Amino acid sequence: MKKIAILLIIIATGFLNCTSTSQENLSQHIQLCIQNPHYFAYKGKPVLLLGGSDEDNLFNNPYLMEENLETLYEVGGNYIRCTMSSRDNGNVWPFAQKQNGLYDLDQYNQEYWNRFENCLVRARDYDIIVQVEIWATFDFYRDYWTVNPFNPANNINYSIDDTQLKSTWPHHPASKPQPFFFSVPEQNNDSLLIKYQRKFVDKLLSISLNYDNVLYCMDNETRAPAEWAWYWADYIQKKAYQSGVPVMLTEMWDAHDLHNKEHRRTYDHLELFAYFDISQNNWQEGQTHYENALWVRNLLQDHGGVRPLTNIKVYHRRHNNMPNTPSVGVDRWWQNIFAGCASTRFHRPTGGTGLNPLSQQNIRAARTFTDAFNIFACQPLPDLLSDTDPNEAYCLADPGNTYALYFPTGGNVTLKLEETSKQYKITWFDPVTLKFYKAKTITGNPAQIQSPNMDQIWLALINIQ
């Protein structure tokens, strides 16, 4: 508990004891919102992160990056994912390649790092937050591993005799984590490998710590040992502290059930992790999806403090090999907002809808709706609703002031309002037309709330008249 308290003081004060960065500049960084630490603050103001993009590693596709950032900004989005990945066509790797085709891990490929920094610059220009995933898990498995510079067969710096790496690793990450992720002292203590892993992280931080719009995640849906995540989180925290810069860190475990003990590795170490990525919960559906998010929200409070919950990936499939069902992804995306999450982002195709017209429409609608009330004063309060069917309606509320309701396909529910001598008014919002309907007075308490129809998403805003 003492470590957690120290971390919170550091975050809240913006590393005031450090002298290399001014207090004014530190206040601009993405950090916990002091007024409501279920959310982040950016440039000193609470912020709800809404996103979607057509690639996870936009930085490594400069043309697509410019296109996506501009579109995202135009529709009210402010959140992208940045895996440090090189496995797609047209991508470049972070290290210099010699004429013989081998890489030199002591030399950098400046094009890769220029692309990365340009992404941070352009995102900052649009006030877009970049969630960086340092280790792009799938780059180190199967066919991608055969061309990865860290593979001992592909570099001049070490061989399979010098490290515990193998030149082939044909396994899926979920079936057999590879030795690359066991290098840390508490596991294999593969000192030569970890030397070059540190060089990669140091280079990344030498760029990213100069920007105030960066969140950090250690891995992508990892099954690496806990010690791996803890090692890198501690390493980055120390590097950031030495630079006088606050950082927000998390880890993304692979388990789809948030009750799985894997996730304890984050919430049992809040001295390392400032927020909690629950992206894999987005394989769940309906009421289960929502209730799991609330379970973690309450659990974090019981483990020493409130933390933002983030969703850097919202899938639109029910399961991995099932056909696309965009309506399922849209429902998950909206539920995250009404579960009080700090962020929600449409995953790239083919696992999600990316930044297609459907995603754009919902981002624009969510920004329009949430800008109409103070969402940062609200909390998810499902107990205020009764006479509901599963996945019929969800409630965010600041009781006595504001109630916001989300109906995935319309509905008819009972809402308990705070007793007041004043009357309430209800305004319906259509996310398709982006229009608010004329406000009407509510009679009765509890009140019967029925959506205009039952064949689309509806949102309702209820305020004191």
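Scroll up to find the structure.
Conventions used here
All residue numbers refer to position in the chain's written sequence, counted from 1. Thresholds applied to this predicted model are a pLDDT of at least 70 for local features of residues and 80 or more for the giving and counting of side-chain atom pairs; totals over whole chains, interfaces and linings are not thresholded and use all residues. Note that the side-chain values use all heavy atoms of the structure and ignore hydrogens as well as water. We count a stretch as a helix when DSSP gives it H or I for four or more residues in a row; a strand needs E for two or more, and each element gets its number in order from the N terminus. To estimate how far a helix should reach, multiply one less than its number of residues by 1.5 Å. Throughout this description, buried means an accessible area under 20% of the type-specific maximum (1.4 Å probe, protein chains only), exposed means over 50%, and partly exposed covers the range between. A pocket here means an open set of points on a 1 Å grid, computed over the protein atoms alone, that has protein on both sides within 12 Å along at least five of seven lines. A cavity is instead a set of points where a 1.4 Å probe fits but cannot get out; residues with an atom within 4 Å of a point line either one. Grid points are joined across faces, edges and corners, and a volume is the space filled by probe spheres set on the points. Three residue categories are used. Nonpolar comprises Ala, Val, Leu, Ile, Met, Phe, Trp, Tyr, Cys and Pro, charged comprises Asp, Glu, Lys and Arg, and polar comprises the others, including Gly. It only takes one pair of heavy atoms within 4.5 Å for two residues to be counted as in contact. To form a nonpolar core, buried Ala, Val, Leu, Ile, Met, Phe, Trp, Tyr and Cys residues must be joined to one another through side-chain atoms within 4.5 Å. Strand pairing follows a simple DSSP-based rule, namely that at least 2 bridges must link the two strands. The definition of a polar contact used here is a pair of N or O atoms within 3.5 Å, where within protein one atom must be able to donate a hydrogen and the other to accept one, and adjacent residues in sequence count solely through side-chain atom pairs. Only Phe, Tyr and Trp rings are paired, with Trp represented by its six-membered ring, and only when their centres lie within 6.5 Å; those with planes under 30 degrees apart are stacked, over 60 edge-to-face, the remainder tilted. Only Lys NZ and Arg CZ are tested; either one counts as a charge over a ring when it is within 6 Å of the ring centre and within 35 degrees of the ring normal. By salt bridge we mean one thing: a side-chain nitrogen of Lys or Arg within 4 Å of a carboxyl oxygen of Asp or Glu.

A. Structural context of helix α7 (residues 226-243). The end-to-end C-alpha distance of α7 is 26 Å, a good match for the 26 Å that 18 residues give at a rise of 1.5 Å each. Taken residue by residue, α7 has Ala-226, Trp-228, Ala-229, Tyr-231, Trp-232, Ala-233, Tyr-235, Ile-236, Gln-237 and Ala-240 as its buried positions. In the segment just after α7, Gly-244 is the residue with positive phi, at about 75°.

B. Layout of the layout of surface pockets. As a volume, the largest pocket reaches approximately 570 Å³. For the lining of the largest pocket, the secondary structure elements donating two or more residues are β5 (79-83) and α5 (142-145). Here the lining of the largest pocket is composed, by residue class, of five nonpolar, 11 polar and 11 charged.

C. Layout of the environment of Phe-346. Tracing the backbone shows Phe-346 in strand β13 (residues 343-346). Spatially, the C-alpha atom of Phe-346 lies 9.5 Å from that of Asn-356, the residues being 10 residues apart in sequence. The contacts of Phe-346, once residues within four sequence positions are left out, are Gly-51, Gly-52, Ser-53, Val-314, Gly-329, Val-330, Trp-333, Thr-353, Gly-354, Ser-359, Asn-362 and Ile-363.

D. Local environment of the nonpolar core. Among the nonpolar cores identified, the biggest contains 121 residues, and Trp-135, Phe-150, Phe-200 and Trp-334 are the most heavily contacted of them. Broken down by element, this core gets its largest block of residues, eight residues, from helix α6 (residues 191-208). Excluding its chain neighbours within four sequence positions, the residues that come into contact with Phe-200 are Met-84, Pro-94, Phe-95, Tyr-112, Trp-113, Ile-134, Trp-135 and Phe-150. Leu-385, Tyr-403, Ala-447 and Ile-449 belong to the second-largest nonpolar core, a separate cluster that totals 20 residues.

E. The sheet that holds strand β15 (residues 385-386), seen in detail. The antiparallel open sheet is built from three strands, whose spatial order is β15-β18-β22. Bordering the open sheet on either side are β15 and β22 (447-450), each of which pairs with just one other strand. The sheet contact formed by β15 and strand β18 (residues 412-415) spans two bridges and is antiparallel. Across the sheet, Ser-386 pairs through a bridge with Thr-414, a residue of β18.

F. View of helix α10 (residues 326-338). Between its terminal C-alpha atoms α10 stretches 19 Å, which fits the 18 Å expected from 13 residues at 1.5 Å a residue. Within α10, 11 of the 13 residues are buried, which leaves it mostly tucked inside the rest of the structure. Residues of α10 that are buried: Val-328, Gly-329, Val-330, Asp-331, Arg-332, Trp-333, Trp-334, Gln-335, Asn-336, Ile-337 and Phe-338. In the stretch just after α10, Gly-340 is the one whose phi turns positive, near 80°.

G. Molecular detail of the side chain of Thr-163. For Thr-163, the position within the fold is in the loop between α5 and α6. Residue classification places Thr-163 among the buried residues on the basis of a relative accessible area of 7%. A distance of 3.1 Å separates a polar side-chain atom of Thr-163 from the backbone nitrogen of Leu-165. Other than its neighbours up to four places away in sequence, Thr-163 contacts Tyr-158, Asp-190, Leu-192 and Leu-193.

H. Examining empty space enclosed by the protein more closely. Scanning all chains against the criterion turns up three cavities of 30 Å³ or more. If you add up the space inside the largest cavity, you get close to 90 Å³. Forming the walls of the largest cavity are 15 residues, and the residues nearest its centre are Met-84, Trp-93, Pro-94, Phe-140 and Phe-200. Taken together, the residues of the lining of the largest cavity break down into 11 nonpolar, three polar and one charged.

I. Representation of the packing of aromatic side chains within the structure. Applying the stated criterion across every chain, the model contains 50 aromatic pairs. With 5.1 Å between their ring centres and 90° between their planes, Tyr-39 and Phe-376 make a pair best called edge-to-face. Taken together, the positions of Tyr-39 in the loop between β1 (31-32) and β2 (40-42) and Phe-376 in the loop between α11 (357-370) and β14 (379-380) put the pair 337 residues apart, joining distant regions of the chain. Note on Tyr-39: relative accessible area 1%, which makes it buried. On the basis of an interplanar angle of 75° and a centroid distance of 4.8 Å, the ring pair of Tyr-112 and Trp-113 is categorised as edge-to-face. Positioned above the aromatic ring of Tyr-144, the side-chain terminus of Arg-87 is 5.6 Å from the ring centre. Taking NZ or CZ as reference, Arg-265 lies 4.8 Å from the ring centre of Trp-253, over its face.

J. Fine view of the pattern of salt bridges. This structure, assessed with the given rule, holds 16 salt bridges. Residues Glu-133 and Arg-81 are paired through a salt bridge, measuring 2.7 Å at the closest nitrogen-oxygen approach. Of this pair, Glu-133 sits in strand β8 (residues 129-135) while Arg-81 is found in strand β5, placing the two residues 52 residues apart along the sequence. Judged by relative accessible area, Glu-133 falls into the buried class, the value being 0%. With its nearest N and O atoms 3.0 Å apart, the salt bridge here joins Asp-234 to Lys-238. With Asp-234 and Lys-238 both in helix α7 and four residues apart, the pair spans about one turn of that helix. Judged by relative accessible area, which is 29%, Asp-234 ranks as partly exposed. On the basis of relative accessibility, which here comes to 49%, the residue Lys-238 falls in the partly exposed class. Through salt bridges with shared partners, a single ionic network connects Asp-56, Arg-81, Glu-133, Arg-345 and Arg-348.

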